[in-house]
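Reading the structure
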Amino acid sequence: MPDLAQIALFLNAIILPLVGGFTLLFAKFTQGEGARWAERQFFGVLLVITLVTLRTVINCEEVWLVHTTTLGTLIVASLVIPGHGTSVAI
């Protein structure tokens, strides 16, 4: 039976990046009134991942690279993945 430290490490290394990716995709592909709510949810998750990344880097934990990669990917992907308001009239 896994102990609490293994469960916390699993949550840190696997679940947190998945939650960030799903909220990003949800924010990018939602339209209408739900899009504003989804963007706020994404910014909240981005803030949490930023704080967790700072904590892991400061404490020199072994999952710092996973969190740094997740944070960088979320920031770059939020700019690269086309959203619902990216069509430009010429």
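Let me sum up the structure you'll find in this document. (Residues numbered from 1 in each chain as written. Predicted model: local features only at pLDDT ≥ 70, side-chain atom pairs only at ≥ 80, totals over all residues. Heavy atoms only, no water.)

1. Comments concerning the overall build of the protein
Quick reminder of the rule: Strands here mean DSSP runs of E at least two residues long; helices mean DSSP runs of H or I at least four residues long; both are numbered from the N terminus. With the radius of gyration taken over C-alpha atoms, the globule rule is written as 2.2 Å times the number of residues to the power 0.38. Note on exposure labels: buried denotes an accessible area under 20% of the residue type's maximum, exposed denotes more than 50%, and partly exposed covers the range between, all computed with a 1.4 Å probe on protein chains only. Any two residues having at least one pair of non-hydrogen atoms within 4.5 Å are treated as being in contact. The accessible surface values rely on the Shrake-Rupley method and a 1.4 Å probe; as for residues, cover is taken only from the protein chains in view. Two residue types count as positive, namely Lys and Arg, and two as negative, namely Asp and Glu; His and chain ends fall outside the count. Note on charges: their place is set at NZ of Lys, CZ of Arg, CG of Asp or CD of Glu.
The helix and strand tally for the protein stands at three helices and zero strands. In the protein, the succession of α and β elements from N to C terminus is α-α-α. Computed over the C-alpha atoms, the radius of gyration of the protein is 15 Å, more than 25% above the 12 Å expected from 2.2 N^0.38 for a compact globule of 90 residues. Its C-alpha atoms give the protein principal-axis dimensions of about 55 × 25 × 15 Å. With 90 residues in all, the protein has 27% of them scored as buried. Counted over contacts in the protein with a minimum sequence separation of 6, partners at least 24 positions apart contribute 64%. Working note: accessible area of the protein is about 6,500 Å², and carbon and sulfur atoms make up 73% of it. Side chains of the protein carry 4 positive and 5 negative charges; the gap between the two charge centres is 13 Å.

2. Comments concerning the packing of aromatic side chains
Filter applied, for reference: Stacked, tilted and edge-to-face are the three classes applied to pairs of Phe, Tyr and Trp rings, where Trp contributes its six-membered ring and a pair requires centres within 6.5 Å; stacked means planes under 30 degrees apart, edge-to-face means over 60, and tilted covers the rest.
A full pass over the atoms with the stated rule returns two aromatic pairs. Between Phe26 and Trp37 the ring centres are 6.2 Å apart and the planes differ by 85 degrees, which places this aromatic pair in the edge-to-face class. Placement of the pair is Phe26 in helix H1 (residues 4–29) and Trp37 in helix H2 (residues 33–58), with a sequence separation of eleven residues. Of the residues examined, Trp37 reaches a relative accessible area of 46% and is grouped as partly exposed. Ring centres of Phe42 and Phe43 lie 5.9 Å apart, and the angle between their planes is 50 degrees; on these two criteria the pair is classed as tilted.

3. Some points on the side chain of Thr23
With respect to the element layout, Thr23 can be found in helix H1. Thr23 gets classed as buried once you look at its relative accessible area, which sits at 17%. Setting aside its immediate chain neighbours within four residues, Thr23 contacts Phe42 and Val45.

4. Observations regarding unusual backbone geometry
Notably, Cys60 is not glycine yet its phi reads approximately 55 degrees, a positive angle. Secondary-structure assignment places Cys60 in the loop between H2 and helix H3 (64–80). Assessed through its relative accessible area of 66%, Cys60 is described here as exposed.

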